[in-house]
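Listed below are the residues making up each chain.
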Amino acid sequence: MARPSLGSSWWVLSAITLAAAVLGVCLADTVAVAVGVALPASALCSLAALWASARRAKAALRLDPGAAFVHALVTSSIAIFVAFGIVLVHAYPTWVHRARYDEDRLVFGEIFVVPLLLMVVLPLAVGVAEALIARSQHRLRAVVRVSVGPLAALVTALAVVGGVRHLARPEPTRSFDRFPVVATVDHAGSEESTTDHPVGDLTLTVACVSYQCPVILRRSSQGAPPVAWSPRPGQYPSVRPGDPLRVRRDARHDLWIVQSPRDARYSRPIAAFRGPALARVDLSLTDFSGDFAPPLGWSVAALLGVALAAWFVRRARSVEAPPPGLADATLGPDGVLHLADGTTLSTTSHESFSPGPVVVDAPPLGGASYRDRATARIVRAGTLARWTASLRDERDVRLALAFSTLVLLGTPMMMAAYLRLLG
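Computed from a predicted model, the values in this text were never measured in an experiment. (Residues numbered from 1 in each chain as written. Predicted model: local features only at pLDDT ≥ 70, side-chain atom pairs only at ≥ 80, totals over all residues. Heavy atoms only, no water.)

Undergrad: Got a minute to help me understand the overall build of the chain in this structure?
TA: Scanning the chain for helices and strands turns up eight helices and 14 strands. Relative to its full complement of 423 residues, the chain shows a buried share of 49%. For the chain, restricting intrachain contacts to residue pairs at least 6 apart in sequence, the fraction spanning at least 24 positions comes to 69%. Counting only carbon and sulfur atoms, one obtains 61% of the accessible surface of the chain, whose full area is about 20700 Å². (Helix = DSSP H or I, 4+ residues; strand = E, 2+ residues; numbered from the N terminus. Buried < 20%, exposed > 50% of the residue type's maximum accessible area, 1.4 Å probe, protein only. Contact = heavy atoms within 4.5 Å. Areas by Shrake-Rupley, 256 points an atom, 1.4 Å probe, with all protein chains shown as cover.)

As structure tokens, then:
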């Protein structure tokens, strides 16, 4: 097979995915209210990319089957950026930061960082994936044929486990609400002040400098805060002067978590302290292994992907092989058909075909080998081997679309397993 002539997947898929990412972020809340389930924005990106790939693969199938297969399979490379977006949006912003908490920077990170990376890095990644798939597509065709079924079973199992687990565990977005509040501090500090607040046998110190108030939790028996600690804004987790504080206790993981409930929308942890030494720590989702469940929308998106992949597989299986009784022939300029064994046949449909190789529906000839003793119908131009190969190419393209569908819409559940949200 000739090397496929590659199209422009590197910018077409990138542009569509970028637009779908922005649209998905903007419409996430509206869609969640309308359908009752918060589908991840990655599902919209995946469906948009699959739609574009399916159209491009269909257009290229007749002219360049190799390029059609590449267009169908390269869509799965976007899963890398779906996974990155899930980590950035669902894991990193939810937990405690080492730097001071900055609402504006957080919003910028959630809304603009992913599209920015898509715009800069995604075209290069898709272009590299396209070249690699084109170079080794013969081996990849065999891999796709045998892996669609097991991959569908894996995605289905992960989606079912995630959906069942959702009934008994909270979502990561409501992570710290499940820990009991052990103290509420009505901090009324001014722009330049340092105050201590008792929390049982602990002391919460809030030192305000330049409209920012870093916090530290220490044992009351220690007396003053550690010498190494200094209330410099930006170095330690901070609140604003006058913000109330809540202290939550996670006894299982020996954590003390400080929150500011001033704005429910941004009621995220300010600082976390762990262990007997009350060391300030950064937290991630994996620190709470088995405590939470993936959002229900991830399971719904994965099952939607399985259903769409099953449709592609069904279409692949519906491609019928050439019927029996066909033979290769050569159509002469005079409208006479010449078979490989020297038999000549007449036909009444030669006006619709150019002279050259054709596939004919040859009747049984017995011992006759003379012109005009039998008539054959021309089925299509080309050879029987090329026809069979084109049908195999069509099946492979549809299976590649099924594979890409499972990878893209199943990525959230695979990330749920990686983030230990499935137990």
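Undergrad: I would appreciate a short explanation of the pattern of salt bridges in the present structure.
TA: When their charged atoms lie close together, side chains carrying opposite charge are able to pair. What the rule picks out here adds up to six salt bridges. Arg145 is paired through a salt bridge with Asp396; the nearest N and O atoms lie 2.8 Å apart. You can see Arg145 sitting in helix α6 (residues 137-166) and its partner Asp396 sitting in helix α8 (residues 384-418), a full 251 residues away along the chain. Among the salt bridges present, the one from Asp254 reaches Arg249, with a minimum N-O distance of 3.1 Å. Residue class for Asp254 comes out partly exposed when judged on its relative accessible area of 27%. Sharing partners across several salt bridges, the network here consists of Arg141, Arg145, Asp393 and Asp396. (Salt bridge = Lys/Arg side-chain N within 4 Å of Asp/Glu carboxyl O.)

Undergrad: Any chance you could explain the sheet that holds strand β13 (residues 356-361) here in plain terms?
TA: Adjacent strands of a sheet pair through backbone hydrogen bonds, lying either parallel or antiparallel. Within the open sheet, the five strands sit side by side as β12-β11-β10-β13-β14. Their pairing is antiparallel. What marks the edges here is a single partner per strand, and that holds for β12 (344-346) and β14 (377-381). In this sheet, adjacent strand axes meet at a mean angle of 45° when their direction is disregarded. Where strand β10 (residues 326-331) and strand β11 (residues 336-339) come together, three bridges link them in antiparallel fashion. Paired with Thr330 across the two strands is His338, which belongs to β11. (Pairing = 2+ DSSP bridges. Axes fitted to C-alpha atoms, helices over the stretch in contact; angles between N-to-C directions.)

Undergrad: Please explain the side chain of Gln259 as it appears in this structure.
TA: Here Gln259 lies in strand β7 (residues 255-259). Exposure remark for Gln259: the relative accessible area of 2% places this residue in the buried category. At 2.5 Å, the side chain of Gln259 and the side chain of Arg248 are in polar contact. (Polar contact = N/O pair within 3.5 Å; in protein donor to acceptor, adjacent residues only side chain to side chain.)

Undergrad: What is the right way to read the packing of aromatic side chains from this model?
TA: Enumeration over the complete set of coordinates arrives at one aromatic pair. Here the guanidinium or amino end of Arg141 rests over the ring plane of Phe69, the centre of that ring lying 4.7 Å away. (Phe/Tyr/Trp six-rings, centres within 6.5 Å; stacked < 30°, edge-to-face > 60°. Lys NZ or Arg CZ within 6 Å of the ring centre and 35° of its normal.)

Undergrad: Teacher, can you tell me more about a nonpolar patch on the surface here?
TA: Together, Leu124, Val128 and Leu132 give the surface a local cluster of nonpolar side chains, amounting to about 300 Å² of exposed area. Here Leu124 lies in helix α5 (residues 103-135). (Patch = residues over 30% accessible without salt bridge, like charges linked within 9 Å, V, L, I, M, F, W, Y side chains within 5 Å.)

Undergrad: Sorry, what's going on with the pairing of β7 here?
TA: A regular strand carries its side chains on alternate faces of the sheet. Across the five residues that make up β7, a large majority, five, are buried. Covered by surrounding structure in β7 are Leu255, Ile257 and Gln259 together with Trp256 and Val258, the residues of both alternating faces. Where strand β6 (residues 245-250) lies against β7, five bridges are found, and the strand directions are antiparallel. Pairing of Arg248 across the sheet is with Ile257, part of β7. Remark: four residues form the turn of the hairpin made by β6 and β7, two consecutive strands paired antiparallel; Asp254 in that turn has positive phi of roughly 55°.

Undergrad: For this particular structure, what's the right way to read helix α7 (residues 296-317)?
TA: Each full turn of the α-helix corresponds to 3.6 residues, which orients residues three or four apart in the same direction. The first and last C-alpha atoms of α7 sit 32 Å apart over 22 residues, in line with the 32 Å expected at 1.5 Å per residue. Of all the positions in α7, only Gly297, Trp298, Ser299, Ala301, Ala302, Gly305, Val306, Ala309, Phe312, Val313 and Ala316 are classed as buried. (Expected span 1.5 Å × (residues − 1).)

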